[in-house]
Amino acid sequence: MLRERPPCDACGGDVAPGRAVLSANLHEATEVARQLNQLHKDWWGQEPKVTAAGEALDSYPKLVPWLWGHPDCVGGEFSYVIAEERIDTAAKALGWTLRLMEKPWFRGTAWHYAMRRLGLVVEA
Ligand SMILES: [Zn+2]
C-alpha cells in the first residue's frame, strides 16, 4: 500500500486504491535525455558551467514529470505507463527503478520526485 495517494494530476479527482498509474511522456523524456547526454559530454573533464553565484546554467533541461492519476487522464498516446500495483511497495518500486535504468530515456524523467511523492522513499 502506498503511504501517499495524491489526487489525479489531470482532473484533480480521487483515484481508487489500486487503480492509479504513473505515466511519463516518452517523446519529451527522450529529448531531455538527449540534451543531458550532450551536456555531460560537453562537461566531461571540464569545470561545470555555473554562474558567479554557483548556480547551474539555465540551459540545464527540466526533467519530465511522472504524472499520477486515472489511466484515462494521464496515460497519453506517447506515454510510458506503470500500473500502481507494480510500484505500491518500496521493494517493487526498487525493482522497477532497476528495470527503468536500462531505458535510454529514463534519465530525462523526474522519477526520484515521483518516488518521494508517493511515500516510497524514506530519507535515512
Ligand atoms: Zn483523473
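Because the structure is a prediction, the values reported are computed rather than measured.

Student: Can you help me understand the overall build of the protein chain in this one?
Tutor: For the protein chain, the helix and strand inventory stands at four helices and three strands. Helices and strands appear in the protein chain in the N-to-C order β-α-β-α-β-α-α. For the protein chain, the residues scored as buried account for 22% of the 124 residues in total. Contacts spanning at least 24 positions in sequence make up 80% of the contacts within the protein chain whose residues lie at least 6 apart.

Student: Even after reading the chapter, I still don't get the sheet that holds strand E3 (residues 79-83), so can you show me in this structure?
Tutor: Strands pair in a sheet through their backbones, by hydrogen bonds, and they do so in one of two ways: parallel or antiparallel. What the three strands build is an open sheet, ordered E2-E1-E3; its pairing is antiparallel. Every other strand in the sheet has two partners, leaving strand E2 (67-69) and E3 as the edge strands with one partner each. Across this sheet, the average inter-strand angle for adjacent strands is 25°, counted without regard to direction. Two strands pair when backbone bridges link them, and strand E1 (residues 21-25) and E2 are joined in this way by three bridges, in the antiparallel orientation. Within the sheet, the bridge partner assigned to Ser 23 lies in E2 and is Leu 67.

Student: How should the nonpolar core be read in this particular structure?
Tutor: Nonpolar side chains tend to gather and get buried jointly when the protein is soluble and globular. Counting 21 residues, the largest nonpolar core has Val 21, Leu 22, Ala 29, Trp 66, Trp 68 and Ala 114 as its most contacted members. Looking at this core, the elements that each hand over two or more residues are E1, helix H1 (26-43), E2 and helix H4 (111-117). Not counting residues within four places of it along the chain, the set of residues in contact with Trp 66 comprises Leu 22, Ser 23, Ala 24, Thr 109, Ala 110, Trp 111 and Ala 114.

Student: In this structure, what is going on with the pairing of E1? I would like to understand it.
Tutor: The side chains of a regular strand alternate between both faces of the sheet. Here E1 lies mainly inside the structure; five of its five residues are buried. The sheet contact formed by E1 and E3 spans five bridges and is antiparallel. Bridge pairing in E3 links Asn 25 to Ser 79.

Definitions and cut-offs
Residues numbered from 1 in each chain as written. Predicted model: local features only at pLDDT ≥ 70, side-chain atom pairs only at ≥ 80, totals over all residues. Helix = DSSP H or I, 4+ residues; strand = E, 2+ residues; numbered from the N terminus. Buried ≥ 20, exposed ≤ 12 C-beta atoms within 10 Å, placed from the backbone. Contact = placed C-beta atoms within 7 Å. Pairing = 2+ DSSP bridges. Axes fitted to C-alpha atoms, helices over the stretch in contact; angles between N-to-C directions. Core = buried A, V, L, I, M, F, W, Y, C linked by C-beta atoms within 7 Å.

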